[in-house]
Amino acid sequence: MRYDWLDEYLLSFPGVEKDYQPVWQWFRYKVRGRMFAAVCSPDRRYQTYGGHDLVNLKCEVAAGELLQAQYPEILPGFYSDKRTWISCLLDGALPEDTLRELCAASYALAVQRLPKYVQKELSGS
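Residues numbered from 1 in each chain as written. Predicted model: local features only at pLDDT ≥ 70, side-chain atom pairs only at ≥ 80, totals over all residues. Heavy atoms only, no water.

Asks: Just give me the short version of the nonpolar core, but keep the residues and values in it.
Replies: In this structure, L6, F36, V55, L57, C88 and L99 are the most contacted members of the largest nonpolar core, which totals 31 residues. Of all the secondary structure elements, the ones that give two or more residues to this core are α1 (6-11), β2 (26-31), β3 (34-40), β4 (54-58), β6 (85-89), α3 (96-112) and α4 (116-123). (Core = buried A, V, L, I, M, F, W, Y, C linked by side-chain atoms within 4.5 Å. Buried < 20%, exposed > 50% of the residue type's maximum accessible area, 1.4 Å probe, protein only. Helix = DSSP H or I, 4+ residues; strand = E, 2+ residues; numbered from the N terminus.)

Structure, rendered in structure tokens:
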């Protein structure tokens, strides 16, 4: 995996917890029970995704479509809702700044779905 900073970065957001889902072989990143990222390495039977390290991230529908058109390393979400999740191949040439922005946006989308008092607590206000 080219982005060796990714795990530390995902864990740096307030309230994030990481666990391992053995059935899917995913490392999941959640904020108060809401998943916003999952890192996995699907095997070759999963065609386009197979044989690649990737991170699944939440994404707004329109933004996901634009990103997929702009970057060959961004695909519809692997094993998730392909409208609201994207998969970023971690062995491609996706710019580091772009991946960081996508991770932050995914976290923000998950936090938006939390109760207001939790959002306030996470923001430190």
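Asks: Account for the environment of R113, with residues named and values stated.
Replies: Tracing the sequence through the fold places R113 in the loop between α3 and α4. With 79 residues separating them in the primary sequence, R113 and R34 have C-alpha atoms 8.3 Å apart.

Asks: Describe a nonpolar patch on the surface, naming the residues involved and giving the relevant values.
Replies: A cluster of nonpolar side chains, contributed by V23, W24 and Y79, occupies part of the molecular surface with about 380 Å² of accessible area. Checked against the element boundaries, W24 lands in the loop between β1 (16-21) and β2. (Patch = residues over 30% accessible without salt bridge, like charges linked within 9 Å, V, L, I, M, F, W, Y side chains within 5 Å. Areas by Shrake-Rupley, 256 points an atom, 1.4 Å probe, with all protein chains shown as cover. Salt bridge = Lys/Arg side-chain N within 4 Å of Asp/Glu carboxyl O.)

Asks: Help me get a handle on the pattern of salt bridges, residues and values and all.
Replies: One pass over the structure, following the stated rule, counts seven salt bridges. In this structure, K30 and D19 form a salt bridge, with 3.7 Å as the shortest nitrogen-oxygen distance. Within this pair, whereas K30 is found in strand β2, its partner D19 is found in strand β1, the two being separated by 11 residues in sequence. Under the relative-accessibility criterion, D19 is labelled partly exposed at 27%. Across the salt bridge formed by D43 and R45, the nearest N and O atoms sit 3.1 Å from each other. With relative accessibility at 39%, the residue D43 sits in the partly exposed group. What makes R45 exposed here is its relative accessible area of 62%. Linked by salt bridges that have partners in common, D19, R28 and K30 make up one network.

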